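# Analysis of the macromolecular model
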Amino acid sequence: QVQLVESGGGLVQPGGSLGLSCEASGSIFSVNAMGWYRQAPGKERELVAAITSSGSTNYADSAKGRFTISKANAKNTVYLQMTSLKPEDTAVYYCNANIRTYVTRTDYWGKGTLVTVSS
């Protein structure tokens with residue numbers, strides 16, 4: 001079994017900063033790409049940022065210049081540092097990871113962490 005556990009969500013004022021982390025644990029052979037998605041009320045889940053095993057990154061246009069994704073391979077952990085937060089960044093943020101176990105390779109999801117940007 002593989003688990004993704006997110007942490008770091010909360011309430012922040014507009015213009016503020018917040019950091020999220022997500023650790024993958026369990027029967028992991030290797031971790032491929034990891035990323036962050038978000039889903040706002042009434043909207044579809046969307047990609048925020050992703051990072052490959054080699055460190056290549058990809059950002060949604062809304063995140064470019066404000067969010068930074070990084071990872072710690074030894075800890076199977078991915079981070080998302082968010083700055084200059086806006087009310088429209090309010091959403092549940094989900095961690096995603098493409099993981100190879102000793103049996104298969106598939107995508108796993110965390111349960112999500114709520115980020116609220118409000119004054």
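Our subject in this report is the structure included herewith.

Before going further, it helps to examine the pairing of strand β10 (residues 105-109). As a general feature of sheets, a regular strand has side chains that alternate between the two faces. Bridge analysis of strand β9 (residues 91-100) against β10 gives five bridges, and the strand direction is antiparallel. Residue I99 lies in a different strand from β10, and its bridge partner there is T106. Between the antiparallel neighbours β9 and β10 lie four residues.

A positive phi angle, close to 50 degrees, is found at N76, a residue other than glycine. Here N76 shows up in the loop between β7 (67-72) and β8 (77-82). Note on N76: relative accessible area 22%, which makes it partly exposed. We note that S84 has phi near 50 degrees; this positive angle belongs to a residue other than glycine. Examined against the element boundaries, S84 turns out to sit in the loop between β8 and β9. For S84, a relative accessible area of 41% corresponds to the partly exposed category.

Right, let's talk about the pattern of salt bridges for a bit. Tallied over the full model, the rule gives four salt bridges. Between R38 and E46 there is a salt bridge whose closest N-O contact spans 2.8 Å. The exposure class assigned to R38 is buried, which follows from its relative accessible area of 6%. Classification of E46 by relative accessible area gives partly exposed; the value is 36%. Close ionic contact of D61 with K64 constitutes a salt bridge, the shortest N to O distance being 3.2 Å. Of the two residues, D61 and K64, both sit in the exposed class. In this structure, a network of salt bridges that share partners links the residues R38, E46, R66 and D89.

A word on the nonpolar core. Counting residues in hydrophobic clusters, the biggest one holds 31 residues, and the most contacted among them are W36, L80, M82, Y93 and I99. Mapped onto this core, the elements with two or more residues apiece are β1 (2-7), β3 (18-26), β4 (30-39), β5 (46-51), β7, β8, β9 and β11 (113-117). It is β9 that contributes the most residues to this core, five residues altogether. Beyond its immediate chain neighbours, meaning those up to four positions away, Y93 contacts E6, L20, W36, Y37, R38, V48, F67, L80, M82, G112, T113 and V115.

As a further point, take the environment of G35. For G35, the location among the structural elements is in strand β4. We classify G35 as buried; its relative accessible area is 2%. Separated by 78 residues in the primary sequence, G35 and T113 place their C-alpha atoms 14 Å from one another. Once you skip the residues sitting within four places of it in the chain, G35 turns out to touch A49, A50, I69, Y94, C95 and N96.

The rules we used
- Residues numbered from 1 in each chain as written.
- Predicted model: local features only at pLDDT ≥ 70, side-chain atom pairs only at ≥ 80, totals over all residues.
- Heavy atoms only, no water.
- Pairing = 2+ DSSP bridges.
- Helix = DSSP H or I, 4+ residues; strand = E, 2+ residues; numbered from the N terminus.
- Buried < 20%, exposed > 50% of the residue type's maximum accessible area, 1.4 Å probe, protein only.
- Salt bridge = Lys/Arg side-chain N within 4 Å of Asp/Glu carboxyl O.
- Core = buried A, V, L, I, M, F, W, Y, C linked by side-chain atoms within 4.5 Å.
- Contact = heavy atoms within 4.5 Å.

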